[in-house]
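Residues per chain are reported as follows:
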Amino acid sequence: MFWFSHFLLHFCFLGSLYSVTQAWHVNVPRNIKGLLGSCLVIPCNFDYYRYPPKRANRVVWYQYVSRGYPLVYDNWYPNDVIPMYKGRTYVYTSSYQKTCTLRIKDVNWNDHRQKLYPWVDPENVGRTTYAFYDTHVTIEVVEKPKAPEITITGERKVGNSVTMQCSADHTCSTDPPTFSFNIALQDKRLTHSKLSDGTSKTILTATLVLERDYQVVECTVRHPGGRTAKRSETINAKCSILPLVINPMSSEYLEGLPSQVSCEASYICANNLPTIRWNYANMPATSNTNKYSGGTMWKTVSTLTFTSSAKDHGNVLTCFAQFAGGQTQEKSITIQVKRNMLNLDWSFTTSRSITGMKGSCVIIPCKFSYSKLKPGGLQVMWYLYQSNGRAEVYNHKQTNILSRYNGKTSLTGSVTENNCSLKIDMLEMSHNRDQLYPWIDINPITSYHSQGHSFLDKSTQIMVSDHAQEPQITITEIPRVGDESRIVCKVQHTCSSAPPTLSLNGIPGTDRIIDSPVSDGIWERTIERTWNAKEDHKKVECTVRYPGGQSAKSELLLHVKCPYEKIKMVKPPGEVTEGVAKSVICSVTYKCKSNTPIIEWNFSDMQNLVKQQQISSNSYTTVSNLTFIGSLGDNGKPLICTAQFGTEETSDSSVLQIKKYEEPVGEELNEKDTFRVLAADVPSRFSALTRSCVVIPCSFQDDEDQPMTRGIWYKKTGGMVYHNARSIVLDHFKDRTRILGNLNEGDCSLEVDDIKPFDNGPFCFYGEKGEKKYRFNNSCVFIVMKASPDKPVMSSVPAEVNAGSAVTVSCSVSYSCSSHPPAFSWSVPFINNEVSDTLLSRGVWKRTSTITFVVAGGDGLKNLSCIATFWREKKQASTVTLIVQGTLKHQMEKSVPVVIPVSLLVLVLLAVVLGIFFYRKRKHTDDPQKPPPRPEKRRSLWDRLSRRYPSGDREKPPRPEKRRSIWSQFSRTEEDRVGWQNARKSFWNRFSRRQNNSADLSVSYLNKTEVAICDKHVTKQRYPSPKNNQRRPAPATPEDSNVYGNI
């Protein structure tokens, strides 16, 4: 039991110790940051449940070290405080609130990482009661304060007030930071709060009035010790601009009298100052800008001094505002001018001109007003403006009226209602350009002095037209066949009592006539027709006829739209067996026969029968019946039929389900037939191209000596496909089948020409020897149809080829009709073409066309196409793209074999012509009566061509002939003269410097009476003469024995 008593004692000791420690607790933050140079307030509070202190307001702070108790603060023993904290610490205590908060002023770097802890009433509360040093705080000194936070709430619009808050976190709650702003704020208030980590937050809340559209708000926080932190926020506020206002809004002005008109622009932002201008720029205007008192609204007012004239009546007075921000506004009013009758107390307003039709009527609208009290008994009169005198057009007595207006004028309004409108009936061309004006006064017009007041600019000019204006036709919406549509035709006129008549032609329907005023003196008549649109309604014609007999027409093309329904695949393909044709039907209903659609399918090379049918008076149906032949590769693809209506289309589709053909398990024999069974080799399935032909391979073995006399192919479902007795062959197969093989050799291959989509079979073969019939095992075949032939396969070719180079390429395609193989055609001319056939499998062949062609010139991309044309003209093509280069080099190489021979031929011909030319020239110059040539020194080529004689040591020898030009020296004609003469030399010898030949020279002097001859022989090679192959020796000169050339 000793161990148990020992354990119990130990447990009681620990429980007592735990109860003592739990009787006290002190709360301080584990870590706290202090700003360098500022103060630091470390929040602290304590509580206890047992062992209360005697002096709860006595708190001592210590530095946490491994040994000893260095004082940080002790109000009893301030001199014992360690130097680094002496005079810098203070503790806020409260016995009621049980606080032990420490304040450290002027935080410095020595405080960094210092650990401090409080002790309450250390003289009475021992460490056995509570281990105060276990609850310590670590100080972290920071150099820079945290930047404040700015929050702005409210609508950011110039003139509005927003609430702005600037908050700063700090650790000196006893001396919080101060706030400052770069702009003026209103209603400032500070709030302080403690944070969970022991720090404090101070918030400044204020009201800011947005006076500009762009403002930068900067909040600066200054902490104790002088360290500051800033934060700025940009405020982009909206600037409001109110609509322009024109004052006064009254648009009636007295003619000739100036009036003040102002245009007011109100806006929020001062930098949005507008520039205001008027469309009457020639009139004076002033502008000023002011700010509304007690607000943020600005106002710019432009005041125009407007003086109206008669021509301003009906015009528009407009002010334009161009704001600095780029916005523009304008405001307009219509000017109504009250014509000033000089010193009269009344004025009137009427139209400047009005147009009426000949034979119809016209009403001149007129309003008058008095500036003073309107007198009673007023009478309205109308006059014709004339340069001299006055002609009355209307008076209430109807006397002394101008003849062309007599009986045609009347008033349409009441004078009591200030209406002076005049109606003129039966307008004539004589009324054209007449200018009329009213007189509304109790005194006659003759009682007023009219000098300087001609009424011309206040009169109304009558324009009479004999040509009717074309009516305007509009249609509410595009008409659709079978739907109700509405068309409107309008015309304006000036005679409400006898308006023109309107009629519509081209479409039947019901009409509604509407008359309505448009403006003073102008009315509008409208005819509105409702009708059911039809296909043949192409256009509508509106005709207007006036009482005077004038008429005009307008025409409108209706462009009636033909609606149609969505196309439907009324008979979808469903599940289809590969190679077996199936009928698929699509149908579409539409309104117009002229809008017959074109129905297309997304599969080509298949038989498609189209039929149109009328189902009602204006409804039609087009049906497309496609004989679809699918392959296993089409499984899962959509079959789409599309009806094309001009530029519009509608389509329907069905997903294809293609299953593989499964051959039957075995062939059944007819018990009634007496067949002998032999072995045959016929493929159970075979592919064929529709509309082409197919050769079904068939062979059999027969050990008997007697040959087969007849081979028969029949359809397994009944009926003969081939028999040498044509009459018993099914009509569907007549003249389309034949046996190609030799039955005596066991070849029973069958050719079926012009294959139809439904010629699938199965087809079976049997034979006959006389009266005996022979049945064969494996003798039935099922034909799997293909709508499109296989695509040809081309051999690889280089991606880049040089122009002029030879390229060899092959193109091959498979086929199953050996009796009519496909033919190839190429998109390029070729040098040679080798065609070969290869047996791929039983009955299936491959034909290959191998060509060699020369690449034509023309750099860039070129297409090379191979087209395989099958029996009965079904085609399939394959194309590759080549990059051709080196065209210029090829053209040069190609031209060399031609250019060189031609150039040589031209040179030879030129040489022959020159030879003939010089030969004839020498022949004509060999005249023995001419003197021998004069010897001279050897001269250069230039000297020989020059007219100047070269200078030398010797004197010029006398020359009997005249100086001749270069041309004359080569001319065929020579003048008859006595002088030096030499034999004709070739062109080259005349200019050659080489004189290695020897010549026998002689010089003779000839005249009529005596002859002097001097002969001297010099060794020189003799040149043959062009005439007799012997050249006459040239005579030597008496004074020199040297040899000279001739020119």
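Predicted, not measured: the structure shown is a model, and the values here were computed from it.

Okay, the overall build of the protein chain next. Looking only at helices and strands, the protein chain has 5 helices and 72 strands in total. A total of 1047 residues make up the protein chain; the buried ones form 41% of that total. Nonlocal contacts in the protein chain, meaning residues at least 24 apart in sequence, comprise 64% of its contacts between residues at least 6 apart.

Okay, the sheet that holds strand 24 (residues 316-322) next. Spatially, 21-24-25 is the arrangement adopted by the 3 strands of the open sheet, whose pairing is antiparallel. Looking along the sheet, the strands with just one partner apiece sit at the ends: strand 21 (275-278) and strand 25 (328-334). Taken pair by pair, the neighbouring strands of this sheet meet at an average axis angle of 15°, ignoring direction. Looking at chain direction, strand 24 and strand 25 are connected through 7 bridges and run antiparallel. Across the sheet, residue Val316 finds its bridge partner in strand 25, namely Thr334.

We now examine the sheet that holds strand 28 (residues 353-357). Taken in spatial order, the 5 strands make up an open sheet running 28-36-35-31-32, and their pairing is mixed. Among the strands making up the open sheet, the edge pair consists of strand 28 and strand 32 (391-394). Going across the sheet, the axis of each strand differs from the next one's by a mean of 35°, ignoring polarity. Both strand 35 (residues 435-440) and strand 36 (residues 460-465) contribute to a ladder of 2 bridges, which runs antiparallel. Across the sheet, residue Leu436 finds its bridge partner in strand 36, namely Thr460.

Looking now at the environment of Thr289. Relative to the helices and strands, Thr289 is located in strand 22 (residues 285-291). Since its relative accessible area comes to 32%, Thr289 is described here as partly exposed. For the pair Thr289 and Ser302, spaced 13 residues apart in sequence, the C-alpha separation works out to 9.0 Å. Among residues more than four places away in sequence, those in contact with Thr289 are Tyr267, Leu273, Trp298, Lys299 and Thr300. A polar contact of 3.0 Å, which involves the side chain of Thr289, links it to the side chain of Thr300.

So, about the state of the cysteines. Within the structure shown, the criterion is met by 13 disulfides. The disulfide that involves Cys166 links it to Cys219, with 1.9 Å between the sulfurs. With the S-S dihedral at roughly -90°, the linkage between Cys166 and Cys219 falls on the left-handed side. Of this pair, Cys166 sits in strand 12 (residues 161-170) while Cys219 sits in strand 16 (residues 214-222), and the two are 53 residues apart along the sequence. According to the relative accessible area criterion, Cys166 is buried, its value standing at 0%. Its relative accessible area of 0% is what places Cys219 among the buried residues.

Counting buried positions over the 5 residues of strand 31 (residues 380-384) gives 5, a clear majority of the element. The alternating pattern of strand 31 places Val380, Trp382 and Leu384 on one face and Met381 and Tyr383 on the opposite face, and all of these are buried. As paired elements, strand 31 and strand 35 share 5 bridges and run antiparallel to each other. Bridge pairing in strand 35 places Met381 opposite Trp439. Pairing of strand 31 with strand 32 involves 3 bridges; the strand directions are antiparallel.

Now for the packing of aromatic side chains. For the structure on display, the rule yields 32 aromatic pairs. Judged by centre distance (6.1 Å) and plane angle (75°), the rings of Tyr267 and Phe323 are edge-to-face. Taken together, the residues span a long stretch of sequence, with Tyr267 in strand 20 (residues 258-267) and Phe323 in the loop between strand 24 and strand 25 at a distance of 56 residues. Linked through ring pairs, Trp24, Phe46, Tyr48, Tyr62, Tyr64, Tyr69, Tyr117, Trp119, Tyr130, Phe132 and Tyr133 together constitute an aromatic cluster. Positioned above the aromatic ring of Tyr48 is the side chain of Lys98, whose terminal nitrogen or guanidinium carbon lies 4.5 Å from the ring centre. Against the face of Tyr774 rests Lys769, its NZ or CZ located 5.0 Å from the ring centre.

The next subject is the nonpolar core. Trp601, Phe628, Trp713 and Phe765 are the most contacted members of the largest nonpolar core, which totals 51 residues. At 5 residues, the largest contribution of residues to this core is made by strand 62 (residues 772-786). Ile32, Ile42, Leu102 and Tyr130 belong to the second largest nonpolar core, which has 36 residues in total.

Here the focus is the pattern of salt bridges. Scanning all chains against the criterion turns up 33 salt bridges. A salt bridge links Arg486 to Glu528; its shortest N-O distance comes to 2.7 Å. Pair noted here: Arg486 is in strand 38 (residues 484-493) and Glu528 is in strand 41 (residues 522-532), with a separation of 42 residues, a long-range link. A relative accessible area of 32% places Arg486 in the partly exposed class. Note that Arg726 is salt-bridged to Asp735, the shortest N-O span being 2.9 Å. Each of Arg55, Arg58, Asp74, Asp121 and Glu123 takes part in a single network of salt bridges with overlapping partners.

Okay, the confidence of the model for the protein chain next. Caution applies to low-pLDDT parts of the model: their predicted coordinates are not meant to be read in detail. For the protein chain, per-residue confidence averages 80 on the pLDDT scale, and 81% of positions sit at 70 or higher. In this model residues 969-985 is a low-confidence stretch, pLDDT under 50, and it forms 66 contacts with partners more than four residues away in sequence or in other chains.

Further remarks concern the environment of Ile567. Along the chain, Ile567 falls in the loop between strand 43 (551-557) and strand 44 (568-571). The buried category is assigned to Ile567, whose relative accessible area is 1%. As for Ile567 and Tyr590, which are separated by 23 residues in sequence, their C-alpha atoms are 9.6 Å apart. In contact with Ile567, other than residues within four places in its own chain, are Cys586, Ser587, Val588, Ile599, Cys641, Thr642, Ala643, Thr650, Ser651 and Asp652.

This paragraph deals with the side chain of Thr300. Mapped onto the elements, Thr300 comes out in strand 23 (residues 298-307). Reaching out from Thr300, the side chain makes a polar contact with the side chain of Tyr267 at a distance of 2.7 Å. Once residues within four sequence positions are removed from consideration, Thr300 is found in contact with Cys263, Glu264, Ala265, Tyr267, Leu273, Pro274, Ile276, Ser287, Asn288 and Thr289.

Take a nonpolar patch on the surface next. Together, Val898, Val902 and Val906 make up an exposed nonpolar region whose accessible area comes to about 250 Å². Position of Val902 among the secondary structure elements: in helix 2 (residues 887-925). Judged by relative accessible area, which is 45%, Val902 ranks as partly exposed.

Cis geometry is found at the peptide bond from Asn247 to Pro248, where omega equals -5°. Structurally, the position occupied by Pro248 is in the loop between strand 18 (245-247) and strand 19 (252-254). Put simply, Gly761 and Pro762 share a cis peptide bond, and its omega is 0°. When you line up the elements, Pro762 lands in the loop between strand 60 (750-752) and strand 61 (763-769). Located in the positive-phi region is Asn400, a residue other than glycine, with phi close to 55°. Assessed through its relative accessible area of 70%, Asn400 is described here as exposed. A positive phi angle, close to 60°, is found at Asn418, a residue other than glycine.

Another aspect to go through is the pairing of strand 12. Note that strand 11 (residues 149-153) and strand 12 share 5 bridges and pair antiparallel. When the sheet's bridge partners are listed, Thr153 is paired in strand 12 with Thr163.

A word on the side chain of Glu524. Mapped onto the elements, Glu524 comes out in strand 41. The side chain of Glu524 is buried and forms no salt bridge, while Lys490, the nearest opposite charge, is found at 4.4 Å. Filtering out sequence-adjacent residues up to four positions away, Glu524 remains in contact with Lys490, Val491, Gln492, His493, Ile514, Asp515, Ser516 and Val518.

The next subject is the environment of Val60. With respect to the helices and strands, Val60 occurs in strand 5 (residues 59-63). Val60 sits 13 residues away from Tyr73 along the chain, and the two C-alpha atoms are 5.7 Å apart. Ignoring any residue separated from it by four or fewer positions in sequence, one finds Val60 in contact with Leu71, Tyr73, Asp74, Tyr117, Pro118, Trp119 and Pro122.

About the cut-offs
- Residues numbered from 1 in each chain as written.
- Predicted model: local features only at pLDDT ≥ 70, side-chain atom pairs only at ≥ 80, totals over all residues.
- Heavy atoms only, no water.
- Helix = DSSP H or I, 4+ residues; strand = E, 2+ residues; numbered from the N terminus.
- Buried < 20%, exposed > 50% of the residue type's maximum accessible area, 1.4 Å probe, protein only.
- Contact = heavy atoms within 4.5 Å.
- Pairing = 2+ DSSP bridges.
- Axes fitted to C-alpha atoms, helices over the stretch in contact; angles between N-to-C directions.
- Polar contact = N/O pair within 3.5 Å; in protein donor to acceptor, adjacent residues only side chain to side chain.
- Disulfide = S-S within 2.5 Å.
- Phe/Tyr/Trp six-rings, centres within 6.5 Å; stacked < 30°, edge-to-face > 60°.
- Lys NZ or Arg CZ within 6 Å of the ring centre and 35° of its normal.
- Core = buried A, V, L, I, M, F, W, Y, C linked by side-chain atoms within 4.5 Å.
- Salt bridge = Lys/Arg side-chain N within 4 Å of Asp/Glu carboxyl O.
- pLDDT = per-residue confidence, 0-100.
- Patch = residues over 30% accessible without salt bridge, like charges linked within 9 Å, V, L, I, M, F, W, Y side chains within 5 Å.
- Areas by Shrake-Rupley, 256 points an atom, 1.4 Å probe, with all protein chains shown as cover.
- Lys, Arg positive; Asp, Glu negative; His and termini not counted.

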